[in-house]
Amino acid sequence: MTEPMAVEGPARDWDVWRPLLTYGTLLSALLIVLVSQNVEELPRQDIPTILATTALAALWMAWWVDLHPSWAGRRVLMFVFLAGWLVIAVLLVICSPLFGIFTWTGYIFVGYAVPGMWQMAGVVPVAAINALSQIGGPQTYADDDGLSIYLVVLLANLLIAGIMTYVSIREDQKSQRRENRIDTLAEANAKLAAALQENAGLHAQLLVQAHEAGVLNERQRMAGEIHDVLAQGLTGIVTQLEAAESGGDRERHLAAAKRLARESLSEARRSVQALRPQHLDAARLPEAIDEVVRGWSELHGVRADLTTTGVARPLLPEIETTLLRTAQEALANVAKHAAAGRVGLTLSYMEDVVTLDVRDDGAGFDPAAPRKVTEEGGFGLRAMRERLSRIAGSLEVESEPGAGTAISACVPAIAIGGAA
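Quick look at the structure, then. (Residues numbered from 1 in each chain as written. Predicted model: local features only at pLDDT ≥ 70, side-chain atom pairs only at ≥ 80, totals over all residues. Heavy atoms only, no water.)

### A look at the overall build of the protein chain
Counting secondary structure elements, the protein chain contains 13 helices and five strands. The proportion of buried residues among the 420 residues of the protein chain is 36%. Within the protein chain, residue pairs in contact and separated by at least 24 positions form 66% of the contacts whose partners lie at least 6 positions apart. (Helix = DSSP H or I, 4+ residues; strand = E, 2+ residues; numbered from the N terminus. Buried < 20%, exposed > 50% of the residue type's maximum accessible area, 1.4 Å probe, protein only. Contact = heavy atoms within 4.5 Å.)

### Some points on unusual backbone geometry
One non-glycine residue, Ala339, adopts positive backbone phi at about 55°. Mapped onto the elements, Ala339 comes out in the loop between helix H12 (317-338) and strand S2 (342-349).

### Some details on the environment of Leu316
Relative to the elements of secondary structure, Leu316 occurs in the loop between strand S1 (303-309) and H12. Sequence spacing of Leu316 and Ile414 is 98 residues, and the spatial spacing of their C-alpha atoms is 6.3 Å. Among residues more than four places away in sequence, those in contact with Leu316 are Ile414, Ala415 and Ile416.

### What about the sheet that holds strand S3 (residues 353-360)?
Backbone hydrogen bonds are what pair the strands of a sheet, in a parallel or an antiparallel way. Across the sheet, which stays open at both edges, the five strands sit in the order S1-S2-S3-S5-S4 with mixed pairing between neighbours. The open sheet has two edge strands, S1 and strand S4 (394-399), and neither has a second partner. Neighbour to neighbour, the strand axes of the sheet diverge by 10° on average, direction disregarded. The pairing of S1 with S2 spans seven bridges and is classified as parallel. Paired with Arg303 across the two strands is Arg342, which belongs to S2. Here helix H11 (residues 285-300) sits on the sheet in contact with S1 and S2, set at roughly 170° to S1. Where helix H13 (residues 380-389) meets the sheet, it contacts S4 and strand S5 (405-412), and its direction lies at approximately 150° from that of S4. (Pairing = 2+ DSSP bridges. Axes fitted to C-alpha atoms, helices over the stretch in contact; angles between N-to-C directions.)

### What to know about a nonpolar patch on the surface
On the surface, a cluster of nonpolar side chains totalling about 710 Å² of accessible area is made up of Met117, Leu159, Ile160, Ile163, Met164, Tyr166 and Val167. Mapped onto the elements, Met164 comes out in helix H8 (residues 146-245). The class of Met164 is exposed, set by a relative accessible area of 58%. (Patch = residues over 30% accessible without salt bridge, like charges linked within 9 Å, V, L, I, M, F, W, Y side chains within 5 Å. Areas by Shrake-Rupley, 256 points an atom, 1.4 Å probe, with all protein chains shown as cover. Salt bridge = Lys/Arg side-chain N within 4 Å of Asp/Glu carboxyl O.)

### Some words on the nonpolar core
Of all hydrophobic cores here, the largest spans 37 residues; its most connected members are Ile289, Val343, Leu345, Leu347, Val354 and Leu395. Elements that contribute at least two residues to this core include exactly H11, S1, H12, S2, S3, H13, S4 and S5. Per-element tally for this core: the top contributor is H12, with eight residues. Listed in part, the 34 residues of the second largest apolar core include Leu82, Leu92, Phe102 and Val110. (Core = buried A, V, L, I, M, F, W, Y, C linked by side-chain atoms within 4.5 Å.)

### Thoughts on the side chain of Ser348
Tracing the backbone shows Ser348 in strand S2. Among the residues examined, Ser348 registers a relative accessible area of 10% and is labelled buried. Of note is the side chain of Ser348, whose polar atom sits 3.1 Å from the side chain of Thr309. Non-local contacts of Ser348, meaning those with residues more than four positions away in its chain, are made with Thr309, Val353, Val354 and Thr355. (Polar contact = N/O pair within 3.5 Å; in protein donor to acceptor, adjacent residues only side chain to side chain.)

Structure representation (structure tokens):
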């Protein structure tokens with residue numbers, strides 16, 4: 001068994017006072033007994049026996065308590081110690097009832113050696129020894145009224161010592177409960193501190209991940225804006241310049257190229273500043289898409305019509321921007337790949353969702369065939385899907401070679417202010 005931990009405060013002070021009380025009262029009782037030998041009215045005792053018994057008492061306490069403090073938690077050893085102490089106390093009282101000055105310290109050793117409510121049982125033999133010394137020893141007990149007097153004194157001792165011991169036990173139990181609560185709180189505080197430290201690490205990790213996600217989202221946004229604005233604008237400019245070089249209405253194609261260059265430059269600046277597309281600044285979504293459709297039709301000479309169904313209502317800027325960019329990208333794909341003679345767009349406002357359908361009668365393609373991202377194209381459908389996925393939207397594509405293409409973009413109908 002390990003050595004008991006050092007304690008501070010009242011417990012440590014008691015470790016100092018307990019030897020003074022026990023050894024001090026034993027020495028005081030011995031001196032009084034020796035002095036009483038010179039008083040003629042008092043009986044004479046065997047001095048060597050008294051000295052031997054007193055020495056035995058001192059050595060017994062020193063061996064079991066002072067020299068081996070770690071034995072305090074070993075109940076069997078403490079039972080042996082207390083039983084031996086009681087026998088020695090009886091011998092001392094037989095030698096002289098004046099040793100009652102010392103025998104009351106048996107209550108201290110009961111609290112030291114016996115746990116909990118078992119101390120109430122240990123009080124009984126100590127009270128019996130003290131009552132014997134208080135009536136004058138075994139000699140008085142042998143008188144006619146000795147037994148009655150002894151029982152009365154014993155009852156008084158048991159009453160006083162029992163009450164004091166019970167109160168002491170209750171206080172010890174309360175103190176132990178307080179210590180247990182303090183230990184529990186200390187353990188909880190330690191766990192809380194560890195959890196806070198762990199949370200701080202997780203928080204820092206989340207900040208890093210959030211920063212990385214923000215950087216990635218911004219890169220994706222800029223990539224989409226570059227494709228939707230710059231790439232489409234430059235493609236249109238190249239187309240118009242090539243048309244101007246090949247003859248025809250040269251001035252009209254050059255004017256169209258200049259207009260596309262100005263619009264692309266303006267949209268590029270707005271993209272860098274994360275602003276809404278210029279078309280949405282002065283018009284609602286249906287009018288903005290219709291303006292894009294009419295401009296595209298005039299530029300490419302392909303008939304394009306927009307049909308709006310349902311009750312149009314303002315949506316979150318991110319949703320309206322995504323739908324407008326999807327319409328622009330779909331029309332750009334028609335111009336580059338479809339060779340269509342007609343394009344139809346349908347903007348549908350429903351209760352929970354808004355859809356944009358774009359259909360053309362062009363060459364079509366096989367959606368299951370692998371498509372590569374090259375310098376000349378292949379990024380459009382993927383860009384549309386990524387842009388739509390960022391607002392919980394979806395994109396469906398239906399096409400087959402020679403039968404045209406139909407795409408359908410679906411987004412949640414979240415109005416400004418949160419109402420659908």
